[in-house]
Amino acid sequence: MRLTEIRRDGWSIVRDGSFSSLGLCGAAAGLPILTFAGDEKFLRIALANADVTAVMVPAALADAPALRDTTLGVAVVPELRRDFFELHNRLAADFPDAYLRPGFETRIAPSASISPLAEVGARNIEIGENVRIEAFASVKENTRIGAGTIVRSGSVLGGTGLEFIRLGADGILPVTHCGWLTIGADVEIQYNCSVSRSLFPWHETVIGSETKIESLAHVAHGVSIGARALIASGAVIGGSARIGDDVWIGPNATVSSEVRVGDGARISLGAVVAGTVKAGETVSGNFAIPHEKFLREQFRRMLGAGQ
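Just so it is clear, the structure is predicted and the values come from calculations on it, not from any experiment.

Bringing a nonpolar patch on the surface into the picture now. A surface patch of nonpolar side chains, about 360 Å² in accessible area, is lined by L162, F164 and I172. Note that F164 resides in strand β15 (residues 164-166). Judged by relative accessible area, which is 45%, F164 ranks as partly exposed.

This is how it looks when you write it as structure tokens:
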């Protein structure tokens, strides 16, 4: 695809460019992408990303020196986020053969056990050997489930996430979720959990092998969780967060979008994590800080209250 092929009214093509998909400016897509940048900070991120071959910018950035020194395709558009995500929706609906991954009829291994009361979509689903899916669970399109995984009643896999663009007087634009959900082997997803598929066609939400997710947890679109993680009831993991191997996430903990949690880290019950958690570190509190520091602060407050 080229910018000149998908231009819309009000767009100005400063320099034509080709791309295979859309993605955010820092995305490691592994293929040429069109992105958008609303200010110089995000433009620098886009220019440093080898996968970005074309960029949409507002009129205020049209003459940015950094753009003159590149070979990227450049389109100046009037409503940046709206134009970008409307284009994404249009490509998904009108040009699926060019924009989406190739589709296929759902494939279910002979040894899989699926309740007749479960919902499994007819396309773009792979279910491995010895998978068990209980009554009233739902598996949506663009989902792969590895061998030996258990999906308990009421859970929804591969649903859409919270990606809506405010359009002012024109309402709210729902953004089509074209990505995938890949679940490893021997995972257990307990009762009434939701795990969303990713947004862009090249991207995946990933649940690593042997990870266990307790009831009423939510994993948002684009999240990557490593192997053998234990995620307790009520936990919420925000979009595009990266969770390492052997991580513990306690009851009702919240991990914000795009946060990185290193291997072997522990997130205490009720913690609100808004920044990087190092490998092996334990964090507590709202906003979460290293656990020992949290205890010292709590002790200091207790002493102060008693005076």
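Judged by pairing direction, the sheet is parallel, and its 8 strands sit side by side in the order β8-β11-β14-β19-β22-β25-β28-β31 without closing on themselves. Here the strands that pair on one side only, and so sit at the sheet edges, are β8 (119-120) and β31 (272-273). Relative to strand β19 (residues 194-196), strand β14 (residues 156-159) runs parallel, the two being bridged by 3 bridges. Bridging across to β19, V156 finds its partner in S194.

A separate point is the sheet that holds strand β26 (residues 242-243). Pairing is parallel in the open sheet, where 8 strands are placed in the order β6-β9-β12-β17-β20-β23-β26-β29. Either end of the sheet is taken by a strand with one partner, and the two such strands are β6 (107-108) and β29 (260-261).

Attention shifts here to the packing of aromatic side chains. Here the structure, examined in full by the defined rule, presents 6 aromatic pairs. Relative to F85, the ring of F36 has its centre 6.1 Å away and its plane inclined at 70°; by these criteria the two rings are edge-to-face. Note that F36 is positioned in strand β3 (residues 33-36) and F85 in helix α4 (residues 80-94), a separation of 49 residues in sequence. By relative accessible area, which is 13% here, F36 ends up buried. Seen from their ring centres, F200 and W202 are 6.2 Å apart, and the 0° between their planes marks the pair as stacked. Of the two residues, F200 and W202, neither departs from the other in class, the shared state being buried. Among the aromatic side chains, those forming a connected cluster through ring pairs are F36, F84, F85, F200 and W202. Stacked on the ring of W180, the Lys or Arg R144 has its end atom at 4.4 Å from the ring centre.

End to end, α4 covers 21 Å across 15 residues, agreeing with the expected 21 Å (1.5 Å per residue, within 8%). With 11 of 15 residues buried, α4 lies mostly within the body of the structure.

With that settled, the discussion passes to the environment of R7. Secondary-structure assignment places R7 in the loop between α1 (3-6) and β1 (12-15). Judged by its relative accessible area of 43%, R7 is partly exposed. Spatially, the C-alpha atoms of R7 and F95 are 15 Å apart, while their sequence positions differ by 88 residues.

This paragraph deals with the nonpolar core. Counting residues in hydrophobic clusters, the biggest one holds 43 residues, and the most contacted among them are L3, W11, L22, L34, M56, F85 and F200. Those elements that place two or more of their residues in this core are α1, β3, α2 (40-48), β4 (52-57), β5 (73-76) and α4. Element by element, the count of residues in this core is highest for α4, at 6 residues. Not counting the four nearest positions on each side in its chain, L3 is found in contact with I13, R15, D16, G17, F19, L34, A54, G73, V74 and A75. Counting 42 residues, the second-largest nonpolar core is a separate cluster that includes I133, I183, I213 and I231.

Rules and cut-offs
Residues numbered from 1 in each chain as written. Predicted model: local features only at pLDDT ≥ 70, side-chain atom pairs only at ≥ 80, totals over all residues. Heavy atoms only, no water. Patch = residues over 30% accessible without salt bridge, like charges linked within 9 Å, V, L, I, M, F, W, Y side chains within 5 Å. Areas by Shrake-Rupley, 256 points an atom, 1.4 Å probe, with all protein chains shown as cover. Salt bridge = Lys/Arg side-chain N within 4 Å of Asp/Glu carboxyl O. Helix = DSSP H or I, 4+ residues; strand = E, 2+ residues; numbered from the N terminus. Buried < 20%, exposed > 50% of the residue type's maximum accessible area, 1.4 Å probe, protein only. Pairing = 2+ DSSP bridges. Phe/Tyr/Trp six-rings, centres within 6.5 Å; stacked < 30°, edge-to-face > 60°. Lys NZ or Arg CZ within 6 Å of the ring centre and 35° of its normal. Expected span 1.5 Å × (residues − 1). Core = buried A, V, L, I, M, F, W, Y, C linked by side-chain atoms within 4.5 Å. Contact = heavy atoms within 4.5 Å.

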